[in-house]
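Structure at a glance
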Amino acid sequence: MAGSINYQLARFEASYGTVAQLPASTTPEVAVAGRSNVGKSSLLNKLFNRKGLVKVSSTPGKTANINFFDVDGIRFVDLPGYGFAKVSQKEKQRWANLISGYFAQERSFNLVIALVDIRHDAQKLDHEMVGFLRESELPFVVALTKADKLGRSKQMQQAATIAKQLGIDREQVVITSSETGQGIDELRRRIADACL
Ligand SMILES: Nc1nc2c(ncn2[C@@H]2O[C@H](COP(=O)(O)OP(=O)(O)O)[C@@H](O)[C@H]2O)c(=O)[nH]1
Ligand SMILES: [Mg+2]
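The structure displayed is predicted, hence computed values, not measured ones.

**Digging into the pattern of salt bridges**
Side chains carrying opposite charge are able to pair once their charged atoms draw close together. Counted according to the given criterion, the structure contains nine salt bridges. In this structure, the salt-bridge partner of Arg-75 is Glu-29, at a minimum N-O distance of 3.2 Å. Pair noted here: Arg-75 is in strand β4 (residues 74–78) and Glu-29 is in strand β2 (residues 29–34), with a separation of 46 residues, a long-range link. The salt bridge involving Asp-117 is made with Arg-119; its shortest N-O contact spans 2.8 Å. With a relative accessible area of 33%, Arg-119 lands in the partly exposed category. Taken together, the shared-partner salt bridges connect Glu-13, Glu-29, Arg-75 and Arg-107 into one network.

Quick look at the structure:
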């Protein structure tokens, strides 16, 4: 449908453990990236309006694969969470290779949603992620997650602080919560603008 994406059509496509397995990019892609436990899977479920489609991990860092979802002809890409401390160095390297390998491919990168926890100052890994996206000239928005944990004025304060720390415009930041649905419509607008 022109002008909107039907999220009712969200379905799991496949899970890949190596970059070589990834199928060619044939549709617009929206990738979700961020630290382990930042809320990637929860945000995708909220976008899709489907509670269990994306596995929310109680043991953080379990998403060791790249997962593809198809939504009305748009491919959503759940990237492995980086920076999870409790896996081996070798496993960390494998995840890093998956992420950089995905972005090194010839693909239709319509939008990257970079997730950052609203409660904290931007961390080293957040800086690395945004720095990489900027240097690669990939189109991205920063979604601040878990906004329900803060009051409205603190949310606005943190959004301004984190944008400044990351060196991006405030307009490139969307305040979200997978608990309350805050910011989900705004994120859908950004996705539609980038993909349709
Ligand atoms: N309060 C709150 N908790 C959240 C939110 N998003 C995720 N969580 C919780 O944070 C934890 C990690 O979420 P998950 O989606 O698995 O993160 P991922 O590792 O980045 O995919 C889970 O316990 C979620 O329930 C949110 O918007 N608000
Ligand atoms: Mg996850």
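Don't stop here, the text continues.
**Overview of the side chain of Asp-70**
Positionally, Asp-70 belongs in strand β3 (residues 66–71). Note on Asp-70: relative accessible area 16%, which makes it buried. Setting aside chain neighbours within four positions, we find Asp-70 in contact with Leu-9, Ala-10, Arg-11 and Glu-13.

**Digging into the pairing of β2**
Across the six residues that make up β2, a large majority, six, are buried. Bridging between β2 and β4 involves four bridges; their strand directions are parallel. From the neighbouring strand, Glu-29 faces β4, where its bridge partner is Arg-75. By the bridge criterion, six bridges tie β2 to strand β5 (residues 109–117) in an arrangement that is parallel. Bridging from a neighbouring strand, Ala-31 pairs with Val-112 of β5.

Definitions and limits used
Residues numbered from 1 in each chain as written. Chains lettered and ligands numbered in written order. Predicted model: local features only at pLDDT ≥ 70, side-chain atom pairs only at ≥ 80, totals over all residues. Heavy atoms only, no water. Salt bridge = Lys/Arg side-chain N within 4 Å of Asp/Glu carboxyl O. Helix = DSSP H or I, 4+ residues; strand = E, 2+ residues; numbered from the N terminus. Buried < 20%, exposed > 50% of the residue type's maximum accessible area, 1.4 Å probe, protein only. Contact = heavy atoms within 4.5 Å. Pairing = 2+ DSSP bridges.

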